[in-house]
Amino acid sequence: QVQLVESGGGLVQAGGSLRLSCAASGRTVSTYAMAWFRQAPGKEREFVAVISRSGSTSYADSVKGRFTISRDNAKTTVYLQMNSLKPEDTAVYYCAAGSLSLSPRSSIYSYWGQGTQVTVSS
């Protein structure tokens, strides 16, 4: 069983930065790619970024150049550094694991955290 716990959300002004963390537990978690998704009110959950076990990354076009995903050497914690935040980045951000590839499809991921709220004021 894999458990994911996100932290680091909050309220920030447009143009500001936040760093999200996702701590993962479970003996197989280091073998998985880990990803961030987000869901704004009234909208579907959408892909943000993913990082493979080897460190390869992929980003949604809407966050390229502003967000950076990384993971620690033990491969059990993943981070999302968010810079130049915009009001449209406001959402609940979810950490996900369980994929063996850099997939943007939420259905591929078996494990999800509870989410952390990010609110960007204009």
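Residues numbered from 1 in each chain as written. Predicted model: local features only at pLDDT ≥ 70, side-chain atom pairs only at ≥ 80, totals over all residues. Heavy atoms only, no water.

Engineer: Account for the overall build of the protein chain, naming residues and giving values.
Structural biologist: Of the regular secondary structure elements, the protein chain holds 0 helices and 11 strands. Listed by position from the N terminus, the elements making up the protein chain come as β-β-β-β-β-β-β-β-β-β-β. Whereas a compact globule of 122 residues would reach a radius of gyration of roughly 14 Å, the protein chain reaches 13 Å, a difference of no more than 12%. Seen through its principal axes, the protein chain has C-alpha atoms that stretch 40 × 30 × 25 Å. Carbon and sulfur atoms provide 45% of the accessible area of the protein chain, an area that totals close to 6100 Å². (Helix = DSSP H or I, 4+ residues; strand = E, 2+ residues; numbered from the N terminus. Rg over C-alpha atoms; globule rule 2.2 N^0.38 Å. Areas by Shrake-Rupley, 256 points an atom, 1.4 Å probe, with all protein chains shown as cover.)

Engineer: Outline the pattern of salt bridges, supporting the account with residue identities and numerical values.
Structural biologist: Enumeration over the complete set of coordinates arrives at 4 salt bridges. Residue lysine 64 pairs with aspartate 61 through a salt bridge whose shortest N-O separation is 3.2 Å. Accessibility expressed as a relative area gives 64% for aspartate 61, which makes it exposed. A salt bridge links arginine 66 to aspartate 89; the nearest nitrogen and oxygen atoms lie 2.8 Å apart. Here arginine 66 is found in the loop between β6 (57–59) and β7 (67–71), whereas its partner aspartate 89 is found in the loop between β8 (77–82) and β9 (91–99), with 23 residues between them in sequence. Residue classification places arginine 66 among the buried positions, given a relative accessible area of 11%. Through salt bridges that share partners, Arg38, Glu46, Arg66 and Asp89 make up one connected network. (Salt bridge = Lys/Arg side-chain N within 4 Å of Asp/Glu carboxyl O. Buried < 20%, exposed > 50% of the residue type's maximum accessible area, 1.4 Å probe, protein only.)

Engineer: Talk me through the side chain of serine 99; I want residue IDs and the actual numbers.
Structural biologist: Mapping serine 99 onto the fold places it in strand β9. A distance of 2.8 Å separates the side chain of serine 99 from the backbone oxygen of serine 101, its partner in a polar contact. (Polar contact = N/O pair within 3.5 Å; in protein donor to acceptor, adjacent residues only side chain to side chain.)

Engineer: Tell me about the nonpolar core, and name the residues and values.
Structural biologist: The biggest cluster of nonpolar side chains holds 36 residues, and the ones touching the most others in it are Met34, Trp36, Leu80, Met82 and Tyr93. Other than its neighbours up to four places away in sequence, tyrosine 93 contacts Glu6, Leu20, Trp36, Phe37, Arg38, Val48, Phe67, Leu80, Met82, Gly115, Thr116 and Val118. (Core = buried A, V, L, I, M, F, W, Y, C linked by side-chain atoms within 4.5 Å. Contact = heavy atoms within 4.5 Å.)

Engineer: Can you break down the sheet that holds strand β1 (residues 3–7) residue by residue, with the values?
Structural biologist: Pairing in this open sheet of 4 strands is antiparallel, and the strands run β1-β3-β8-β7 from one edge to the other. The open sheet is flanked by β1 and β7, the only strands paired with a single partner. Direction aside, the axes of adjacent strands within the sheet are offset by 15 degrees on average. Sheet topology note: the strand β3 (residues 18–25)/β8 ladder contains 6 bridges and is antiparallel. Note that in β8 the partner of alanine 23 across the bridge is threonine 77. (Pairing = 2+ DSSP bridges. Axes fitted to C-alpha atoms, helices over the stretch in contact; angles between N-to-C directions.)

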